[in-house]
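# Notes for the structure review
The chain contents come next:
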Amino acid sequence: MVELPDFMNYANKFSQSEFVEKIARIAKRAGSKLVYAALILYYTLQSDKVSKADKAIIIGALGYMISPLDVIPDAIPIAGLTDDLAVLIYVLKKVWTGIDPEILARARERLSKWFDEDEIEEAEHLFDAE
């Protein structure tokens, strides 16, 4: 299991425009699971059904993902995004009860922009073999 960094220090790194730009840039390299997790959190952040506390940890996680200065730099092949995925999965588990099925559908629909049906189906098993 990957030890989680203190991702809350990255909350000030989050911006919607930087998130959208980074996801588009790294989608294929990052893989469908990371992109799906990030999109779910991004759309959850926009929901008025989510507590401020949950929004705060989502902002920290997405800020961590956006930041080029995280524990394992994203430029390192394969390993570079492992810590990002671990943080996103951790936060997803924390806020999962607040995630509306409509959010999952929006994230899945957006995934189809970058991934084929097999990759999307694999992404839907977010909590398998983390």
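Attention in this report is confined to the structure presented alongside it. Everything quoted here is computed from the prediction, not taken from an experiment.

Another point: a negative patch on the surface. Together, Asp-116, Asp-118, Glu-121 and Glu-122 make up a region of like negative charge exposed at the surface. Classification of Glu-121 by relative accessible area gives partly exposed; the value is 47%.

With that out of the way, let us pick up the pattern of salt bridges. All chains considered together, the criterion is met by five salt bridges. Notably, a salt bridge pairs Lys-28 with Glu-119, separated by 3.2 Å at the nearest N-O pair. Here Lys-28 is found in helix H1 (residues 16-30), whereas its partner Glu-119 is found in helix H6 (residues 117-123), with 91 residues between them in sequence. Under the relative-accessibility criterion, Glu-119 is labelled partly exposed at 24%. Of the charged contacts in the structure, one is a salt bridge between Arg-108 and Glu-124, with a shortest N-O distance of 2.3 Å. With Arg-108 in helix H5 (residues 101-111) and Glu-124 in the segment after H6, this residue pair connects regions lying 16 residues apart in the sequence.

One finds Phe-19, Val-35, Leu-62 and Leu-88 to be the most contacted residues of the largest nonpolar core, which totals 42 residues. Of all the secondary structure elements, the ones that give two or more residues to this core are H1, helix H2 (32-45), helix H3 (52-66), helix H4 (82-95), H5 and H6. Among the elements that take part in this core, H2 stands out by supplying 11 residues, more than any other. Setting aside anything within four residues of it in sequence, one finds Leu-62 in contact with Phe-14, Phe-19, Ala-38, Leu-41, Tyr-42, Leu-45 and Leu-88.

On to H2, then. Between its first and last C-alpha atoms H2 spans 20 Å; for 14 residues at 1.5 Å apiece the expected length is 20 Å, and the two agree. Of all 14 residues making up H2, 14 are buried, and the element is well covered by its neighbours.

What follows deals with the environment of Val-35. Looking at the secondary structure, you find Val-35 in helix H2. Setting aside residues up to four positions removed in sequence, Val-35 forms contacts with Ile-23, Ala-27, Ala-30, Leu-111, Trp-114 and Phe-115.

The geometry of H1 relative to H2 is characterised by a closest axis approach of 9 Å and an angle of 160° between their N-to-C directions. It follows that H1 is roughly antiparallel to H2 by the angle criterion. Between H1 and H2 lies a crossing of left-handed hand. Facing H1, whose interface residues are Gln-16, Phe-19, Val-20, Ile-23, Ile-26, Ala-27 and Ala-30, H2 presents Leu-34, Val-35, Ala-38, Leu-39 and Tyr-42.

Here we take up H4. Between the first and last C-alpha of H4 there are 20 Å, a value that for 14 residues agrees with the 20 Å anticipated at 1.5 Å per step. Three or more residues of H4 are buried, namely Asp-83, Asp-84, Ala-86, Val-87, Leu-88, Ile-89, Val-91, Leu-92 and Val-95. For H4, the secondary structure elements touched by its buried residues are H2 and H3.

Rules used in this analysis
- Residues numbered from 1 in each chain as written.
- Predicted model: local features only at pLDDT ≥ 70, side-chain atom pairs only at ≥ 80, totals over all residues.
- Heavy atoms only, no water.
- Patch = residues over 30% accessible without salt bridge, like charges linked within 9 Å, V, L, I, M, F, W, Y side chains within 5 Å.
- Areas by Shrake-Rupley, 256 points an atom, 1.4 Å probe, with all protein chains shown as cover.
- Salt bridge = Lys/Arg side-chain N within 4 Å of Asp/Glu carboxyl O.
- Lys, Arg positive; Asp, Glu negative; His and termini not counted.
- Charge placed at Lys NZ, Arg CZ, Asp CG, Glu CD.
- Buried < 20%, exposed > 50% of the residue type's maximum accessible area, 1.4 Å probe, protein only.
- Helix = DSSP H or I, 4+ residues; strand = E, 2+ residues; numbered from the N terminus.
- Core = buried A, V, L, I, M, F, W, Y, C linked by side-chain atoms within 4.5 Å.
- Contact = heavy atoms within 4.5 Å.
- Expected span 1.5 Å × (residues − 1).
- Axes fitted to C-alpha atoms, helices over the stretch in contact; angles between N-to-C directions.
- Parallel < 35°, antiparallel > 145°, perpendicular 65-115°, else oblique.
- Left-handed = near helix turned anticlockwise from the far one by under 90°.

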